[in-house]
Amino acid sequence: MIIKYKLLFNTIKYMTFKQKCFRVFRTLQKKVENKEVNLRNIRINNINYNLLFDKSTVEYYRKYYSDISKDVLKKANEICNNKFGFLNLPFVKFKDDIKWDFTLDDYKLWNYNLNYFDYLLELGKAYIITEDLKYLNKGEELIKVWIHDNKKIKKNIWDSYTIAKRIINWIWFINLLNLYHFDFDPIIIKSIKFQIEYLYNHIEYEICANHLVMDAKGLVFAGYFLNENKYIKKGKNLALNELKAEFLCDGGHFERSFSYHIEVLLHYIEILTLLKKYKDNISEQILRSIKPAFDYLYNVIKPNKEIPLVNDSYLDYTIKSVDVLTCGVALFNDGRYKNLCCDKLSEYGLWVLGSNAFENYKNIKTVSEHRKSVLFKDTGYYILRDKVTEGRELYILFDCGNIGPDYNPGHAHADSLNLELSIGNNDVIIDSGTFTYKPGKDRDYFRSTKAHNTITIDDISSSQVWSAFRIGERAHAKIVKFNEYKDLIHIAAVHNGYSKLLGKDKIFHQRSIIYIKNNLLYIIDYLYGSIIKKHKIVLNYILNNDVSISQNNNHLILFKENEYKLNVWFNGEYKLENAVISKYFSIKENTNKIVLEKEISSPYCFLTIIDLNNKYILDNVNYNCTADLVNINNGNNAILKYNLKNCEIY
């Protein structure tokens, strides 16, 4: 109990005063507010039925995206049979009435998805493809059943984020119904009005982040739909104020998650498009503000066109990164982005930006360029790029910053000084991913330090991850050296997480990455500080599940036939162990990880050398490591002399 209260204290102390106040206020508000939904006295103004898209957008969808029709119809037919599947989990079929408060295995996120109504988009698109009215009838039926069944305000179903997402999906569906002159029950409009009024009075200031942006989007969309200026005004102010917090100066999302970078960017694209349609001046302000976020995304995407899976990130989240970039091509006429995209605007881009953007996109010329290495100081990521074997691109992500914002690290992992490595389109050393948001051992593992490519001490994570979205004491990291030369790149960073979590001992972890261009990669992990007791240190390298492994004396060969071959040397004994990764929500895959272990009671460093082009005979590597100096040679030839304390190369 004492440990739990300490964790709680170490979590709350980092929250802002505003967050704390609104948590107290929200608790009191829910105790005194009316729990009944009353639609009888709701008054409606003139409705903007064609708010989001017109018939030309629909026709373009039918003409240019018919290749996805099979998948769309499959999903739509499942919904018509009251069969719902989310998060890659087993489908649930409701035989009679839909239970809107149902949670699959007590997983709240499943229930949220049931109440988001994203599946209306599949029903709408299925009608466009087939012109079968059963899809429109089913969509209206589901909305009306939800209204009938939810006359009392309940947790999850009436959470503000859920309301905002549901309202936007209802408005999208009503837009489609109106285009095809489909009569629908006006009670739906009354329910939207009631829900948006509830959202208006329950903005999620206590949660912040993407929740606030979704709240703002819901207000703006419903405001224009209902012709209610008070919702538009509050939504705009909220969106503008939060824009300053959401994206840092380097263009990255403040939570350091690439999936949430994409989600929030999508919200602002949609808000921007609607404001632009109604000639609101702040649309230009939003447009200017999100340009660095597009540049950031363009620069972090890996050669295989996927995002790194650091913090809470996964490959099937919302919209693919390159589909988002097509919107950037259209919005900014930026042909660099098109270098990573397909020849046509993404389906998402069509629905949001319209058929004119689709035509303009085709006329924008692709600008081919080699993306360069870049240091994002604010989000704390260094992306190293270079051409290596047979012209394939070397890609390294080095996490050399803080795990997230101190006041809101809910989507952060204990991954300080983590790294990923890819060769061309092939991932080699990867992050474990996310797997689930459900509290429990799986969530705890994927957020823990041992699920990442960094050092764990005494089986303790470098930041105190607990519950599903909580962190107590947390590591803070900083870059201590950064140099880029013609033939060499050197970056070093240190974190203090273990100086807070090991009792009297105060251990710091410093990681140095030295890249001799097109030849060698050195990873030097140095543990130092006040070390009195013995500690077990473990260094992990998690491998992608298509990496083949060959052991050769005291080093490893990592390879993929006809793609790459890497010789890897360590300064100590290593072993191969089984590991699990999760690139997609709720899906585990088996793989291997390299593990190095050592008991220490004084400063120590792990040395890892990766030969990128098979130029060196790593069997002959010798090294000498003192408290100050690492001296590595290959036979009689000095390869590297490195001062650990000053991070200097000789």
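Residue indices follow the written sequence of each chain, beginning from 1 at its first position. In keeping with the model being predicted, local features are shown solely for residues with a pLDDT of at least 70 and side-chain atom pairs are shown and tallied solely at 80 or more, while totals for entire chains, interfaces and linings include all residues. Hydrogens and water molecules were not included; the side-chain quantities draw on all heavy atoms of the structure.

### Re the packing of aromatic side chains
Point 1. Between 30 and 60 degrees the pair is tilted, below 30 it is stacked and above 60 it is edge-to-face, where a pair is any two Phe, Tyr or Trp rings, Trp via its six-membered ring, whose centres lie within 6.5 Å. A full pass over the atoms with the stated rule returns 53 aromatic pairs.
Point 2. The interplanar angle of 70 degrees and the centroid separation of 6.0 Å between the aromatic rings of tyrosine 49 and phenylalanine 184 together place this pair among those described as edge-to-face. Linking tyrosine 49 in the loop between helix H2 (17-32) and helix H3 (55-64) with phenylalanine 184 in the loop between helix H8 (160-179) and helix H9 (187-200), this pair joins segments that are 135 residues apart in sequence.
Point 3. Measuring from ring centre to ring centre gives 5.3 Å for tyrosine 382 and phenylalanine 482, while their planes differ by 70 degrees; the resulting arrangement is edge-to-face. Here phenylalanine 482 lies in strand E11 (residues 477-484) and tyrosine 382 lies in strand E4 (residues 381-387), a separation of 100 residues in the sequence.
Point 4. Look at NZ for Lys and CZ for Arg. If either is within 6 Å of the ring centre and within 35 degrees of the ring normal, a charge sits over the ring. In this arrangement the basic side chain of arginine 166 is found over the ring face of tryptophan 158, its NZ or CZ atom lying 6.0 Å from the centre.
Point 5. It is arginine 371 that lies over the ring of tyrosine 298; its NZ or CZ is 5.6 Å from the centre. Secondary structure is summarised from DSSP: a helix means a run of H or I of at least four residues, a strand means a run of E of at least two, and numbering begins at the N terminus for each.

### Let's talk about unusual backbone geometry
Point 1. Even without being a glycine, glutamate 131 presents a positive backbone phi close to 60 degrees.
Point 2. Mapped onto the fold, glutamate 131 is located in the loop between helix H6 (119-130) and helix H7 (133-149).
Point 3. According to the relative accessible area criterion, glutamate 131 is exposed, its value standing at 53%.
Point 4. For asparagine 156, which is not a glycine, the phi torsion comes out positive at approximately 75 degrees.
Point 5. Tracing the backbone through its elements, the reader meets asparagine 156 in the loop between H7 and H8.
Point 6. For asparagine 156, a relative accessible area of 11% puts it in the buried group. When a residue's accessible area, from a 1.4 Å probe over protein chains only, is under 20% of the maximum for its type it is buried; when over 50% it is exposed; and in between it is partly exposed.

### Looking at the pattern of salt bridges
Point 1. When a carboxyl oxygen of Asp or Glu is within 4 Å of a side-chain nitrogen of Lys or Arg, the pair counts as a salt bridge. One pass over the structure, following the stated rule, counts 32 salt bridges.
Point 2. A salt bridge links arginine 336 to aspartate 334, with the shortest nitrogen-to-oxygen separation between them at 2.9 Å.
Point 3. For arginine 336, a relative accessible area of 22% puts it in the partly exposed group.
Point 4. Linking aspartate 628 and lysine 645 is a salt bridge whose minimum nitrogen-to-oxygen distance equals 3.5 Å. Pair noted here: aspartate 628 is in the loop between strand E22 (621-625) and strand E23 (629-634) and lysine 645 is in the loop between strand E24 (637-643) and strand E25 (648-649), with a separation of 17 residues, a long-range link.
Point 5. Given a relative accessible area of 55%, lysine 645 falls into the exposed group.
Point 6. A single salt-bridge network, built from bridges that share partners, covers Lys291, Asp295, Asp334, Arg336 and Glu369.

### Regarding the sheet that holds strand E18 (residues 564-570)
Point 1. With respect to topology, eight strands assemble into an open sheet ordered E11-E12-E13-E14-E21-E18-E17-E16, the strand pairing being antiparallel. Where the open sheet ends on each side, the last strands, each with one partner, are E11 and strand E16 (548-552). Each adjacent strand pair in this sheet contributes to an overall mean axis angle of 15 degrees, direction not counted. By this definition, two strands are paired if DSSP reports at least two bridges between them. What counts as an axis is a line fitted to C-alpha atoms, over the stretch in contact for a helix, and the angles between N-to-C directions run from 0 to 180 degrees.

### Section: the pairing of E18
Point 1. With six of seven residues buried, E18 is to be regarded as a mostly interior element.
Point 2. Bridge count between strand E17 (residues 555-560) and E18: six bridges; the pairing is antiparallel. Paired with histidine 555 across the two strands is tryptophan 569, which belongs to E18.
Point 3. Where E17 hands over to E18, the hairpin turn is made up of three residues, of which asparagine 562 adopts a positive phi near 65 degrees.

### Here's the deal with the packing of H6 against H7
Point 1. At a minimum axis distance of 7 Å, the contact between H6 and H7 shows a crossing angle of 160 degrees. Relative to H7, H6 is oriented roughly antiparallel. In this structure, H6 crosses over H7, and the sense of that crossing is left-handed. Contacts from Tyr119, Leu120, Leu123, Ala126, Tyr127 and Thr130 in H6 reach Leu133, Tyr135, Leu136, Lys138, Gly139, Leu142 and Ile143 in H7.
Point 2. Under the scheme applied, nonpolar residues are Ala, Val, Leu, Ile, Met, Phe, Trp, Tyr, Cys and Pro; charged residues are Asp, Glu, Lys and Arg; polar residues are all the others, including Gly. Among the residues making up the contact of H6 with H7, the classes are represented as 10 nonpolar, two polar and one charged. Geometric relationships in this document are graded by angle, where less than 35 degrees denotes roughly parallel, more than 145 denotes roughly antiparallel, 65 to 115 denotes roughly perpendicular, and other angles denote oblique. Should the near helix be turned counterclockwise from the far one by less than a right angle, the crossing is left-handed, whereas a clockwise turn marks it as right-handed. Any two residues whose heavy atoms approach within 4.5 Å at even a single point are treated as in contact.

### Re a positive patch on the surface
Point 1. Each patch is built from residues that are more than 30% exposed by relative accessible area and take part in no salt bridge. Like charges join if they lie within 9 Å; nonpolar side chains (Val, Leu, Ile, Met, Phe, Trp, Tyr) join within 5 Å. Computed by Shrake-Rupley with a 1.4 Å probe, the accessible areas treat only the displayed protein chains as cover when residues are assessed. By the counting scheme adopted, Arg and Lys are positive, Glu and Asp are negative, and His together with the chain ends is not counted. Charge placement uses NZ in Lys and CZ in Arg. For Asp and Glu, CG and CD serve respectively. A cluster of basic side chains, namely Lys30, Lys35, Lys108 and Lys155, defines a positive patch on the protein surface.
Point 2. With respect to the helices, strands and loops of the structure, lysine 35 is situated in the loop between H2 and H3.

### Description of the confidence of the model for the chain
Reading predicted coordinates in detail is not appropriate for stretches of low pLDDT.
Point 1. pLDDT gives the predictor's per-residue confidence on a scale running from 0 to 100. Across the chain, pLDDT averages 92, with 98% of residues at or above 70.
Point 2. Of all the helices and strands in the chain, helix H1 (residues 2-12) carries the lowest mean pLDDT, 73, while strand E8 (residues 455-457) carries the highest, 98.

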